[in-house]
Amino acid sequence: MLEVLAALSLSAAVGMRIGLPLLLIGLLYSDNLWANVPILSQIPPPIVLGVLVSWSLVELLFSKERLGQRLLQIVQLLFSPLVGGIVGMTVARTAQLDAALAWVLTILGGLLAFVLHLVQVGWSYRLRGLPIWVIFIQDFLCVALALLAFDAPQQGGLLALLLLWLTIRSSTEWRRWYIQQAGARNSRNPRQYKRDPD
């Protein structure tokens, strides 16, 4: 159960930033840099370190501007399921779980990261860019969830589940807003039908 909570915590972190959690895993929780991380373990550590540090800086700096948010959201939306699956498999390898449970954590991690990021994109579209204070909260939560995943997986997993609950609630609100906007557009531009003379 602790492994599931740890995977949820890391996947939720990936749902906000994709480079920073991987960087923290390698620097803080691995004796041999990224040895248990799929794909990254096949690449020389100096290259992985350079890429992750660069991308983490890009995420932290560019996310504060509207245009940077749009570009980052496209990349993060595409790669969040992959990276979420990678961190799920990383937890499974670290805990030496069997293959079946490892694949469950991989799929669960990818789905959670994708859902969290998809709803963020929806809110960004609705608000025409996320406020700066929301960006700072995302940065803080990303680091906190990555740290809690290994140090306190119970708290990290519960925080991830709370974020998932908030995501589901906010996605329902976002959908209701979209339907209201569509209804308002239809009421402003009603279709005019002309009767054909008999």
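Everything numeric in this text was worked out from a predicted model, so none of it was measured.

### Digging into the confidence of the model for the protein chain
Averaged over the protein chain, the pLDDT score is 85; the fraction of residues at 70 or greater is 93%. Of all secondary-structure elements in the protein chain, the lowest mean pLDDT belongs to helix α7 (residues 153–188), at 81, while helix α3 (residues 45–62) reaches the highest, 91. Confidence drops under pLDDT 50 across residues 192–196; counting only partners more than four residues distant or on other chains, this segment forms zero contacts.

### Looking at the layout of surface pockets
Taken as a whole, the largest pocket holds about 470 Å³ of empty space. For the largest pocket, the lining is made up of 16 residues, of which Gln120, Trp123, Val134, Gln138 and Ser170 are closest to its centre. Taken together, the residues of the lining of the largest pocket break down into twelve nonpolar, four polar and no charged. By volume, the second largest pocket amounts to about 380 Å³. Elements with a contribution of two residues or more to the lining of the second largest pocket: α2 (19–28), α3 and α4 (66–95). For the lining of the second largest pocket, the residue count by class is 15 nonpolar, one polar and no charged.

### Structural notes on helix α6 (residues 132–151)
In this model α6 runs 29 Å from its N-terminal to its C-terminal C-alpha over 20 residues, within 8% of the 28 Å that 1.5 Å per residue would give. For α6, the set of buried residues is Val134, Ile135, Gln138, Asp139, Leu141, Cys142, Ala144, Leu145, Ala146 and Ala149.

### Quick look at empty space enclosed by the protein
One pass over the full model with this rule turns up one cavity of 30 Å³ or more. In this structure, the largest cavity spans a volume of roughly 100 Å³. Around the largest cavity sit 13 residues that line it, and Arg17, Ser63, Gln73, Gln76 and Gln138 are the ones nearest its centre. Elements represented by at least two residues in the lining of the largest cavity include exactly α4, α5 (99–127) and α6. Residue contributions to the lining of the largest cavity peak at four residues, all from α4.

### So, the packing of α2 against α6
In the contact formed by α2 and α6, the axes pass within 9 Å of each other and the chain directions differ by 40°. Classified by the angle their axes make, α2 and α6 are oblique. When you trace α2 past α6, the crossing you get is right-handed. Residues Leu20, Pro21, Leu24, Ile25 and Leu28 of α2 lie in contact with α6, whose contacting residues are Cys142, Val143, Ala146, Leu147 and Phe150.

### Brief notes about the packing of aromatic side chains
Considering all chains together, one arrives at zero aromatic pairs under this definition. Over the aromatic face of Phe136 sits the side chain of Lys64, whose NZ or CZ is 5.1 Å from the ring centroid.

### So, the pattern of salt bridges
Enumeration over the complete set of coordinates arrives at two salt bridges. When the shortest N-O distance is used, the salt bridge between Arg17 and Asp139 registers 2.8 Å. Taken together, the residues Arg17 in the loop between α1 (2–14) and α2 and Asp139 in helix α6 connect sequence positions 122 residues apart. Across the pair Asp139 and Lys64 runs a salt bridge whose closest N-O atoms are separated by 3.0 Å. With Asp139 in helix α6 and Lys64 in the loop between α3 and α4, this pair connects stretches of sequence that are 75 residues apart. Connected via shared salt-bridge partners are Arg17, Lys64 and Asp139.

Criteria and cut-off values
- Residues numbered from 1 in each chain as written.
- Predicted model: local features only at pLDDT ≥ 70, side-chain atom pairs only at ≥ 80, totals over all residues.
- Heavy atoms only, no water.
- pLDDT = per-residue confidence, 0-100.
- Helix = DSSP H or I, 4+ residues; strand = E, 2+ residues; numbered from the N terminus.
- Contact = heavy atoms within 4.5 Å.
- 1 Å grid on protein atoms, 1.4 Å probe; cavity = no way out; pocket = protein on both sides within 12 Å on 5 of 7 lines; lining within 4 Å.
- Points joined across faces, edges and corners; volume = space filled by probe spheres on them.
- Nonpolar A, V, L, I, M, F, W, Y, C, P; charged D, E, K, R; others polar.
- Expected span 1.5 Å × (residues − 1).
- Buried < 20%, exposed > 50% of the residue type's maximum accessible area, 1.4 Å probe, protein only.
- Axes fitted to C-alpha atoms, helices over the stretch in contact; angles between N-to-C directions.
- Parallel < 35°, antiparallel > 145°, perpendicular 65-115°, else oblique.
- Left-handed = near helix turned anticlockwise from the far one by under 90°.
- Phe/Tyr/Trp six-rings, centres within 6.5 Å; stacked < 30°, edge-to-face > 60°.
- Lys NZ or Arg CZ within 6 Å of the ring centre and 35° of its normal.
- Salt bridge = Lys/Arg side-chain N within 4 Å of Asp/Glu carboxyl O.

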